[in-house]
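Structure at a glance
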Amino acid sequence: MRIARFSIDGNVAFGAVEGEKQDELVLDIIKGIPFADFELSGTKVPLSKVRLLPPVLPNKVVAFGRNYAEHARELGNEVPDAPFAFFKPATSVIGPGDAIQYPSFTEDLQHEAELAVVIGRMCREVPRERVKDVIFGYTCANDVTARDVQKREQQWARAKGFDTACPLGPWVETELDPGDLTIQLTVDGQQRQLGRTSEMIHSVEDLIVNITEAMTLLPGDVILTGTPAGVGPLAVGDEVAVTIEGIGTLTNKVVKRG
């Protein structure tokens, strides 16, 4: 099931996305919230009549770096032996169609297409055999990065945590095997990144086991699983699109920060 979060006539709701052709998609409005037992209302609205929002509002976004060997090498980094985590704040999250604002403190803004895991229940110290039980679903992400700032500063808080640095969407796919999916990114229709989730050094199970050894995850929290090779620059006016097999496409435009 594809679960979207949207606004219509000033109201925010969740809905199940139905249909296959983009111009024929409709939303069946959900009664309640999708992290608990819910029912479909039967009230349907065309997707074209709503504004899609970030599919979740996470308490925290835990991101894992250098989880694809070729990406680590393209930036001159060693491939880590263990998962390497950092945070992106909730204020960095935007949704499909929202603008990525080019910060004034960087001259090298770059894209990073990633598979994002959405947590469905509060969990801590999750054993490997129970990981699937705590996952709500999967969505597309763009780990937008101020690369020059990342290289200059030992902590990545500013480089990866600025406002609009974490586009998510377009919705959450709840029934998906993340083991071997095509992940690609285009800028103005030109392919920049192409990889498969099977190329991850550490699997989704590895990442969730690792982070829940240290902290509690809450419903709606997001795990970013790393990016394949091919990261590169973004400029004001660029339209960047992340597409993941079985999920859909997340599109955002880069604008000058006002």
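See the structure above.
Reading guide: rules and limits
Residues numbered from 1 in each chain as written. Predicted model: local features only at pLDDT ≥ 70, side-chain atom pairs only at ≥ 80, totals over all residues. Heavy atoms only, no water. Helix = DSSP H or I, 4+ residues; strand = E, 2+ residues; numbered from the N terminus. Buried < 20%, exposed > 50% of the residue type's maximum accessible area, 1.4 Å probe, protein only. Phe/Tyr/Trp six-rings, centres within 6.5 Å; stacked < 30°, edge-to-face > 60°.

The next point concerns unusual backbone geometry. Residue Pro170 is reached from Gly169 by a cis peptide bond, and omega for that bond is 5 degrees. By secondary structure assignment, the location of Pro170 is in strand S14 (residues 166–173). Although it is not a glycine, Arg66 sits at a positive phi angle of roughly 55 degrees. Owing to a relative accessible area of 24%, Arg66 belongs among the partly exposed residues under this scheme. Backbone geometry at Asp188 places phi at a positive 50 degrees, although glycine is not the residue there. In this fold, Asp188 is placed in the loop between strand S15 (182–187) and strand S16 (190–196).

Now for the packing of aromatic side chains. Overall, the coordinates contain 4 aromatic pairs when judged by the stated rule. Their ring planes at 65 degrees and their centres at 5.3 Å tell us that Phe84 and Trp156 sit as a pair that is edge-to-face. Here Phe84, found in strand S7 (residues 84–88), pairs with Trp156, found in the loop between helix H3 (147–152) and helix H4 (157–161); they are 72 residues apart in sequence, far enough to count as distant. Taking the centre distance of 6.1 Å and the plane angle of 80 degrees together, the rings of Phe105 and Phe162 count as edge-to-face. You can see Phe105 sitting in the loop between strand S9 (99–102) and strand S10 (109–111) and its partner Phe162 sitting in the loop between H4 and S14, a full 57 residues away along the chain.

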